[in-house]
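Overview (structure and organization)
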Amino acid sequence: MRAIPLYLLGGLLALPVQASEVQDLLGRLAAAERQQSFQGTFIYERNGSFSTHAVWHRVEEGGAVRERLLQLDGPAQEVLKVDGQAQCVTGALADQVSEGQAWPARQLDAEQLSDWYDIRVAGKSRIANRPAVVLVLAPKDQHRYGFELHLDRETGLPLKSLLLNERGQLLERFQFAQLDTSVPAENAMQPSSSCRPVRFRAADSMDEGSWRSDWLPPGFTLTTAQVRRGPAADDSVTYLMYGDGLVRFSVFLEPLKGRVVEDARSQLGPTVAVSRRMSTDAGDVMVTVVGEIPLGTAERIALSMRAGVPEQASQ
């Protein structure tokens, strides 16, 4: 399981009053997860497939945040997090989570986001029997998707979010069916016996200048750079994460060491994965871009990755 994205189609910021309201709504959204306890059930839709989930989110007296997620249909997938860090999960995910990557928290800034999205308040709605305000974020270019957020008037929590592509087609839906803002009981926060402790992959900071991108979508900057060590001493994968303040994508660079692999591209709902073989002085490398960005953008990023720093920068 992964963190459910918080985020659609829209218009322009029109009045200073609305700009102030947008800033207030984004501020309340960013603070809600850290300050508001709640529990409830929500529906998640991707590629026309639905699943239902229970969530228990508890803010402790000392400020620590514990959250338990449980899928209610199909496989009983589960994750327990403390301050955004996975403590236990079910299934193969327990062996794959990296310490620097596990569900990092978002800090939403209206001024920063307005450079890349047109943001406006689009009206009112009612979700899970609670009044909500509709906030729209429309991308200013073709390199990101748009979002429609229905934010709870009382708490600022996202009661519903839609993620749509450039043609207005639904890629992903998250919607609460029931929400209770009381503090979850302690026993509700206890994971099942099948929830396995997370074993983080070892990771080191990447040497500056080891890899670079000759092109990035406007507004995206590097936020994480790591080298993950594998079981063998020479088995390592470089991991880079980029973000624009709302959306993230990841780049993995893995030495092939003579292996023959084919280029690939796939999309499941909003998530794309593009893999390209790249030749370097040290041998061939497989570049894989994964994220909730358009497929063409991911392909351009994969083709833009380079080893080392530009010549003019190294002189």
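Look up: the structure comes first, before these words.
Keep in mind it's a predicted model, so treat the numbers as computed, not measured.

Within the chain one finds 4 helices and 20 strands. Per-residue burial over the chain gives 45% buried out of 315 residues. Here the chain displays about 15,300 Å² of accessible surface, and carbon together with sulfur accounts for 50% of that area.

Attention now goes to the environment of Ala31. Secondary-structure assignment places Ala31 in helix 1 (residues 16-35). As for Ala31 and Leu108, which are separated by 77 residues in sequence, their C-alpha atoms are 9.3 Å apart.

When you tally the buried positions in helix 3 (residues 295-304), you get 7 out of 10 residues, the bulk of the element. Inspection of helix 3 places Leu295, Thr297, Ala298, Glu299, Ile301, Ala302 and Ser304 among the buried residues, and these make up the whole buried set. Close packing links the buried residues of helix 3 with strand 13 (211-213), strand 16 (248-255), strand 17 (264-268), strand 18 (271-280), strand 19 (283-291) and strand 20 (305-307).

Along the chain, Leu164 turns up in strand 9 (residues 158-164). Taking the C-alpha atoms as reference, Leu164 lies 5.6 Å from Gly146; in sequence the two are 18 residues apart.

Turning to the packing of aromatic side chains, a few remarks are in order. With the rule as written, the count across this model stands at 8 aromatic pairs. An angle of 40° between the planes, with centres 5.2 Å apart, marks the rings of Tyr239 and Phe252 as tilted. You can see Tyr239 sitting in strand 15 (residues 236-243) and its partner Phe252 sitting in strand 16, a full 13 residues away along the chain. Three or more aromatic residues joined by ring pairs make a cluster, and in this case those are Phe38, Phe42, Phe174 and Phe176. The positively charged end of Arg300 is found above the aromatic ring belonging to Trp215, 3.9 Å away from the centroid.

On to the environment of Lys124. Mapped onto the elements, Lys124 comes out in strand 6 (residues 117-127). Ignoring anything within four residues of it in the chain, the contact list for Lys124 reads Ala132, Val134 and Arg153.

Tallied over the full model, the rule gives 1 disulfide. One disulfide bridge connects Cys88 with Cys195, the sulfur atoms lying 2.1 Å from each other. What sets the handedness of the Cys88 and Cys195 disulfide is the S-S torsion sign, and at about 95° it is right-handed. Of this pair, Cys88 sits in strand 5 (residues 85-89) while Cys195 sits in the loop between strand 10 (170-180) and strand 11 (196-197), and the two are 107 residues apart along the sequence. On the accessibility criterion, Cys195 (8% relative accessible area) is buried.

Here Gln39 shows up in strand 1 (residues 38-46). Within the structure, the side chain of Gln39 is placed 3.3 Å from the side chain of Ser182, a separation counted as a polar contact. Not counting the four nearest positions on each side in its chain, Gln39 is found in contact with Val55, Trp56, Gln178, Leu179, Asp180, Ser182, Val183 and Pro184.

We now examine the side chain of Ser304. As for its position among the elements, Ser304 is in helix 3. Since its relative accessible area comes to 6%, Ser304 is described here as buried. Apart from residues no more than four positions distant in its own chain, Ser304 is found in contact with Arg212, Ser213, Asp214 and Trp215.

Judged by pairing direction, the sheet is antiparallel, and its 11 strands sit side by side in the order 6-7-8-9-10-1-2-3-4-5-11 without closing on themselves. What marks the edges here is a single partner per strand, and that holds for strand 6 and strand 11. When strand 4 (residues 78-82) meets strand 5, the two strands line up antiparallel, connected through 4 bridges. Paired with Leu80 across the strands is Cys88, a residue of strand 5.

In terms of residue burial, strand 7 (residues 130-139) counts as a mostly covered element, since 8 of its 10 residues are buried. Sheet topology places strand 7 next to strand 8 (residues 146-152); 6 bridges connect them, and they run antiparallel. Each residue of the ladder has a partner; that of Val134, found in strand 8, is His150. Counted along the chain from strand 7 to the antiparallel partner strand 8, the turn is 6 residues long.

Glancing now at the nonpolar core. Most often, soluble globular proteins have nonpolar side chains that are buried together. Ranked by internal contacts, the top residues of the largest apolar core, which has 41 residues, are Leu26, Leu135, Leu137, Val251 and Leu253. Two domains share this core, each providing at least three of its residues, namely domain 1 (16-197) and domain 2 (204-307). The residues touching Leu26, leaving out its near neighbours within four places in the chain, are Leu108, Ala110, Leu113, Ile119 and Leu135. The next biggest cluster of nonpolar side chains, apart from the first, holds 17 residues, and it includes Ala32, Phe38, Ala86 and Leu179.

Here is what the cut-offs are and how they apply
- Residues numbered from 1 in each chain as written.
- Predicted model: local features only at pLDDT ≥ 70, side-chain atom pairs only at ≥ 80, totals over all residues.
- Heavy atoms only, no water.
- Helix = DSSP H or I, 4+ residues; strand = E, 2+ residues; numbered from the N terminus.
- Buried < 20%, exposed > 50% of the residue type's maximum accessible area, 1.4 Å probe, protein only.
- Areas by Shrake-Rupley, 256 points an atom, 1.4 Å probe, with all protein chains shown as cover.
- Contact = heavy atoms within 4.5 Å.
- Phe/Tyr/Trp six-rings, centres within 6.5 Å; stacked < 30°, edge-to-face > 60°.
- Lys NZ or Arg CZ within 6 Å of the ring centre and 35° of its normal.
- Disulfide = S-S within 2.5 Å.
- Polar contact = N/O pair within 3.5 Å; in protein donor to acceptor, adjacent residues only side chain to side chain.
- Pairing = 2+ DSSP bridges.
- Core = buried A, V, L, I, M, F, W, Y, C linked by side-chain atoms within 4.5 Å.
- Domains from an automatic or database assignment.

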